[in-house]
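Reading the structure
So the chains spell out like this:
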Amino acid sequence: MIIKKIFIILFLLNSSIVYGSVKYIIKDIQFKGLQRISVNNILPKILFHIGDTITDNDISKTIHSLFNTKNFEEIRVLRDNDILIFEMKERPIITNILFFGNKLLTKDILIQNLEYLNIKNGEVLNYNAIFNLKKKLKDFYYNIGNYNTVINTEIILLPHNCVNLKLVFSEGTSAKIQKINILGNYNFSKKELISYFQLHEKTKYCNLINNCKYKKNILLNDLKNLQNFYLNHGYINFNIESTQINLTPDKNNIDIIIHINEGNKYTISEIIKNTDLTKYSKEIDQLIQIKSGDIYNNNELIKIENNIKKMLGNYGYIYPHIILKSIINELNKTIIIKINIYSGKRYYVNKIRFKGNTFSKDFILRREIKQIEGTWLNNTQIEEGKENLNRLNYLKVIEVIIKILSKNTNKVDIIYKIKENNTGNFNFNLGYGTESGVNLQATIQQDNLLGNGYSIRINGSKNNYQNYSELLFINPYFTIDGKSLSNRIFYNNLKTNHIDISNYTNKSYGFENTIGFKINKKNFLYSSLGYIHNDLSNIKPQISRWRYLKSIGKYQNIHNLGKYSTNDFPLNFIWIFNNLNNNYLPTLGNYTTLNTKAIILKSNNKYYKMILDTTQYIPIKNNWILLTHGTLGYTNGFNKKETPFYENFYIGGSNILRGFQSNTIGPKAVYYNSNYFNCTKEKTICNSDDTVGGNAMIISSIALIIPKSFINIKFPTSLRTSIFFDIGTIWDTKWHNTIDTLKYKIPDYSKINNIRTSYGIELQWMSPLGPLVFSYAIPIKKYIGDKIEQFQFNIGKTF
């Protein structure tokens, strides 16, 4: 069809050259073959009118004009005396676009590329656009090393000059890297250089631990890393001479040959600094962390440049000009580093404005900003303001725009361009955990009440062993200096007969008032005072619980179920340190909490409780991340009283010592022979598998988070896999062996050395339903009475 069209155009062009001078008058113009296009749409493209005197050259130009509309596949012009007849064949309309066999490219990405080339439903069929599309898709597959992919297009004719466009993909496998050769490396081994690559040679466990599938963009990044490695080790003249990609005949394997020229190694002989800001000279000197005799390091120079810019930006010099010049002495293999600093204009802040806040009131956003109007611009304070706004749950997009008022002034406006979230929501979650069974949870929450920044939440949950409800109100700026105040009231009905804890029921309610202090960007302190009423019942007679009841003056008959009430006034102090780079799936930083509680004042109980919990993320080579986690817990009583048994620590479960069933590790209940627990052979006491917890706990975990290349996933920012090793123990420091416990061979629960360990693999997914955590663990060290649960999962828990 295309050849036919070109032939007609050339024929008419040639005709116009020969007969272009022949003129004739047109008395009528007729159109044949039009179906969807009206004559009125065609007439503006006709370069003459009825009654005009024209030549064949005018007809040729008109044909060009009509073809440029891209609506016609074929145009013929006939002349019957004074009548000009246009015979036209319209291009078909695309009714539907179908995809088959595409696995690496999603339908959404394909549609996006098609629309860019104007290939979509309702548009005319354009063969050139389809050709360009196939070429673009081929380039994509080549760039990921998939050289065997075949892409076919099929055009299915339909009535009324319509077609279906069908794209059929036959995707081959990505070529694997058979060999990576580096030629010209004399000072570093190939093994050391390749250790900085993301691409690796094909091995038995290819793509399980390393990425051995060829991808052009990853290779380019690896070459950049190679160059940076040499530049950071003094080889300033390093150069990659060439990179060869050799494909095997079956297109399944690739050899990569990299030719390099290392050059010579250089050291720094002198650092010369020139600046027009003498009053900041000493502060600049402190940022120059290199000295004479150091090996040349390009990264250090870039770091110095960025640090100087950041420092000057805090004094209003937001566009300084810093020139780093290296003067090379080839004879001595030394370099003189010249740092020329030109401060430029100093800017002051005229106004701070907000755009996009249709609901949030201006003052609640302004109080998060550290930059003050009328002072010089401070980049650190601007970024701190942005970070503070990011922490607000009701904002999702924050962009900072610095607008210079005019060329003749040194004043700027700072504009925080924001986009608000839906501040109110209602959530109903239905989930299942191996520890709690079916979980029902409903939450009504408003994070920005009436646009004033207040937060209110009503929450209720129900599972196998607990009914819980609470009302929480938070004022983040209770005081003008940023202290927060939160008020909480709650009700909890706990029945432990559905879990592996020695039976009791506790119906509790109370309230709590908390004041929060922000010490700095990373440290937070919270202090709270509250009231809790505990109504306990159905307590089976056993040694550790009767010991506690005795310490608070409640003497129980072993043939009756224990029952009593308490009124406590807990005083809490919580310190939080957080410098994680992400709150959901962090890769760097530390999160530590110290939670202390003391029950004093006019309470029935007198005790204290402390928990120190810390998590550290440490990036290591090739995107692997080391995760360490540790928890220490201890609780004890005042004035010869003991900690209530319902405040004991319990371990085991998907978050605490994986591989063991929840709440099954540690001291077990030792029951008295009574109406509620019959011991055999006339024993006065007997052991059980019911857990009672302990007042001291140590837990530690180490995990290796596997790079994203470990598995080919569609959601690289929301899925994480790790290999872990857990270790932990729990004990009762108040436990004392007696004649009876020794006689009946009850374990000594005061020992710290009953340590459990396990190892396994965990998958964490930030799904649309919430955080999902799946783990499979194998216990290594266990004891009699421990319950094993190798596969565990939960919704709404993260590590």
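Within any chain, residue numbers begin from 1 and follow the written order of that chain's sequence. In view of the model being predicted, local features appear only for residues whose pLDDT reaches at least 70, and side-chain atom pairs are presented and counted only at 80 or more, with totals across whole chains, interfaces and linings using the full set of residues. Water and hydrogen atoms were dropped before computing side-chain values, which therefore reflect all heavy atoms in the structure.

Regarding the sheet that holds strand β12 (residues 267-275)
With respect to topology, 3 strands assemble into an open sheet ordered β12-β14-β13, the strand pairing being mixed. The open sheet has two edge strands with one neighbour each: β12 and β13 (321-329). Each adjacent strand pair in this sheet contributes to an overall mean axis angle of 15°, direction not counted. With 9 bridges joining them, β13 and strand β14 (residues 334-342) adopt antiparallel strand pairing. Bridge pairing links Lys 325 to Lys 338 in β14. Two strands pair if DSSP finds at least two bridges between them. Helix and strand labels come from DSSP, where a helix needs a run of H or I of at least four residues and a strand needs a run of E of at least two; each type is numbered from the N terminus. Think of each axis as a best-fit line through the C-alpha atoms, taken over the contacting stretch in the case of a helix, with angles from 0 to 180 degrees between the N-to-C directions.

Some details on the pattern of salt bridges
Salt bridge, as used here, is a side-chain nitrogen of Lys or Arg placed within 4 Å of a carboxyl oxygen of Asp or Glu. Taken as a whole, this structure holds 23 salt bridges when the rule is applied. Notably, a salt bridge pairs Arg 756 with Asp 786, separated by 2.9 Å at the nearest N-O pair. Here Arg 756 is found in strand β35 (residues 756-767), whereas its partner Asp 786 is found in the loop between β36 (770-781) and β37 (788-789), with 30 residues between them in sequence. One exposure class covers both Arg 756 and Asp 786, and it is buried. Residues joined by salt bridges that share partners form a network here, namely Arg 457, Glu 470, Arg 488 and Glu 512. Exposure categories follow from relative accessible area, calculated using a 1.4 Å probe and restricted to protein chains: below 20% of the type maximum is buried, above 50% is exposed, and the middle band is partly exposed.

Brief notes about the side chain of Asn 232
Within the secondary structure, Asn 232 sits in the loop between α7 (216-231) and β10 (239-247). Residue Asn 232 is classed as buried on the basis of its relative accessible area, which comes to 16%. When checking whether two residues touch, look at their non-hydrogen atoms; a contact exists if any pair is within 4.5 Å. Filtering out sequence-adjacent residues up to four positions away, Asn 232 remains in contact with Tyr 296, Asn 297, Asn 298 and Asn 299.

Let's talk about the confidence of the model for the protein chain
Values of pLDDT, which run from 0 to 100, indicate the predictor's confidence residue by residue. Per-residue confidence for the protein chain gives a mean pLDDT of 85; residues scoring 70 or more make up 91%. In this model residues 1-20 is a low-confidence stretch, pLDDT under 50, and it forms 24 contacts with partners more than four residues away in sequence or in other chains. With pLDDT under 50 throughout, residues 709-713 is counted as low confidence; its partners more than four residues away or in other chains account for 8 contacts.

A look at the sheet that holds strand β9 (residues 176-183)
Strands sit in the order β9-β11-β10 across an open sheet of 3 strands; the sheet is mixed. At either end of the open sheet lies a strand with only one pairing partner, and these are β9 and β10. Between one strand axis and the next, the sheet turns through 15° on average, direction left out of account. Sheet topology note: the β10/strand β11 (residues 253-261) ladder contains 8 bridges and is antiparallel. Bridged to Leu 247 within β11 is Ile 254.

Description of helix α5 (residues 127-143)
Look at α5: 25 Å from first C-alpha to last across 17 residues, which is about the 24 Å you get at 1.5 Å a residue. If you check which residues of α5 are buried, you get Ala 129, Ile 130, Leu 133, Leu 137 and Tyr 141. The arc that holds every buried residue of α5, seen down its axis, measures 115°, which confines them to one face. With respect to the buried face of α5, the exposed residues turned more than 90 degrees away are Asn 128 and Phe 131. Looking at the buried residues of α5, the elements they touch are α4 (107-116), β7 (150-158) and β8 (162-170). For the purposes of these results, a polar contact is taken to be a pair of N or O atoms within 3.5 Å, where, inside protein, one atom must be able to donate a hydrogen and its partner to accept one; residues adjacent in sequence count only when each atom of the pair is a side-chain atom. Between the side-chain oxygen of the N-cap and the backbone nitrogen of Asn 128 there are 3.0 Å, and the N-cap of α5 in question is Asn 126. Following α5 by one or two positions, Gly 145 adopts a phi angle in the positive range, close to 80°. Helix span, as expected, comes to 1.5 Å for every residue beyond the first. Note that the arc is defined by the directions from the helix axis to the C-beta atoms.

Some thoughts on the pairing of strand β33 (residues 696-705)
Within a regular strand, the side chains alternate between the two sheet faces. Judged from the 10 bridges that link them, strand β29 (residues 625-637) and β33 form a sheet pairing that is antiparallel. Across the sheet, the residue bridging to Leu 632 is Ile 698, located in β33. Sheet analysis places β33 next to strand β34 (residues 719-731), joined by 10 bridges and oriented antiparallel. Bridging from a neighbouring strand, Leu 704 pairs with Ile 723 of β34.

With respect to a nonpolar patch on the surface
A surface patch of nonpolar side chains, about 790 Å² in accessible area, is lined by Ile 702, Ile 723, Phe 725, Tyr 759, Ile 761, Tyr 776, Ile 778, Ile 780 and Phe 791. Listed by contribution, the elements that provide at least two residues to the nonpolar patch are β34, β35 and β36. For the nonpolar patch, the element with the highest residue contribution is β36, accounting for 3 residues. Within the secondary structure, Ile 723 is located in strand β34. The exposure class assigned to Ile 723 is partly exposed, which follows from its relative accessible area of 44%. Only residues whose relative accessible area exceeds 30% and that form no salt bridge enter a patch; like-charged residues are grouped when within 9 Å of one another, and nonpolar side chains (Val, Leu, Ile, Met, Phe, Trp, Tyr) when within 5 Å. With residues, only the protein chains shown are counted as cover, and all accessible areas are computed by Shrake-Rupley using a 1.4 Å probe.

Some remarks on the packing of α4 against α5
At a minimum axis separation of 10 Å, α4 and α5 run at an interaxial angle of 135°. The angle between the axes of α4 and α5 places the two elements in the oblique class. Between α4 and α5 lies a crossing whose hand is right-handed. Contacts between α4 and α5 involve Leu 110, Asn 113, Leu 114 and Tyr 116 from the first element and Leu 133, Lys 136 and Leu 137 from the second. Along the lines of polarity and charge, the residues of the contact of α4 with α5 split into 5 nonpolar, 1 polar and 1 charged. For classification purposes, an angle smaller than 35 degrees is called roughly parallel, one larger than 145 roughly antiparallel, one from 65 to 115 roughly perpendicular, and anything else oblique. Take the far helix as the reference: if the near one is turned anticlockwise from it by less than a right angle, the crossing is left-handed, and if turned clockwise, right-handed. Each residue receives one of three labels: charged for Asp, Glu, Lys and Arg, nonpolar for Ala, Val, Leu, Ile, Met, Phe, Trp, Tyr, Cys and Pro, and polar for the others, Gly being one of them.

Some details on the packing of aromatic side chains
We describe a pair of aromatic rings using the distance from one ring centre to the other and the angle between the two ring planes. Here is the rule: rings of Phe, Tyr and Trp (six-membered ring for Trp) pair when centre to centre is within 6.5 Å. Planes less than 30 degrees apart are stacked, more than 60 are edge-to-face, and the remainder are tilted. Here the structure, examined in full by the defined rule, presents 27 aromatic pairs. Taking 4.9 Å as the distance between ring centres and 75° as the angle between the ring planes, the aromatic pair formed by Phe 188 and Phe 229 counts as edge-to-face. One end of the pair, Phe 188, is in the loop between β9 and α6 (190-194); the other, Phe 229, is in helix α7, with 41 residues separating them in the sequence. Judged by relative accessible area, which is 14%, Phe 188 ranks as buried. In this structure Phe 229 comes out as buried when scored by relative accessible area, which is 5%. Their ring planes at 50° and their centres at 6.3 Å tell us that Tyr 608 and Tyr 634 sit as a pair that is tilted.

Considering the nonpolar core
Definition used in this section: a nonpolar core is a set of buried Ala, Val, Leu, Ile, Met, Phe, Trp, Tyr and Cys residues joined via side-chain atoms within 4.5 Å. By size, the foremost hydrophobic cluster in this structure holds 23 residues, and its most contacted members are Leu 226, Tyr 230, Ile 256 and Ile 258. Residue assignment for this core shows that the elements contributing at least two residues are β9, α6, α7 and β11. No other element matches the 6 residues that α7 contributes to this core. Residues in contact with Tyr 230, not counting those within four places in the same chain, are Asn 185, Phe 188, Leu 193, Tyr 235, Phe 238, Ile 260 and Glu 262.

A closer look at helix α9 (residues 298-313)
Spanning 16 residues, α9 covers 23 Å between terminal C-alpha atoms, matching the ideal 22 Å at 1.5 Å per step. In the core, the buried residues of α9 are packed alongside α7, α8 (281-287), β13, β14 and α11 (379-390). At the N-terminal boundary of α9, the capping side chain belongs to Asn 297, with an oxygen 3.0 Å from the backbone nitrogen of Asn 299.

Quick notes on a positive patch on the surface
Charged residues are defined narrowly, with Lys and Arg counted positive, Asp and Glu counted negative, and His plus the chain ends left uncounted. Working definition for charges: the position is that of NZ of Lys, CZ of Arg, CG of Asp or CD of Glu. On the surface, Lys 310, Lys 370, Arg 391, Lys 518, Lys 521 and Lys 522 cluster together into a patch of positive charge. When you line up the elements, Lys 310 lands in helix α9.

Points about the environment of Ile 271
Tracing the sequence through the fold places Ile 271 in strand β12. Spatially, the C-alpha atoms of Ile 271 and Ser 326 are 9.7 Å apart, while their sequence positions differ by 55 residues. In this structure Ile 271 touches Ile 288, Ile 290, Lys 291, Ser 292, Ile 337 and Ile 339, once residues within four positions along its chain are discounted.

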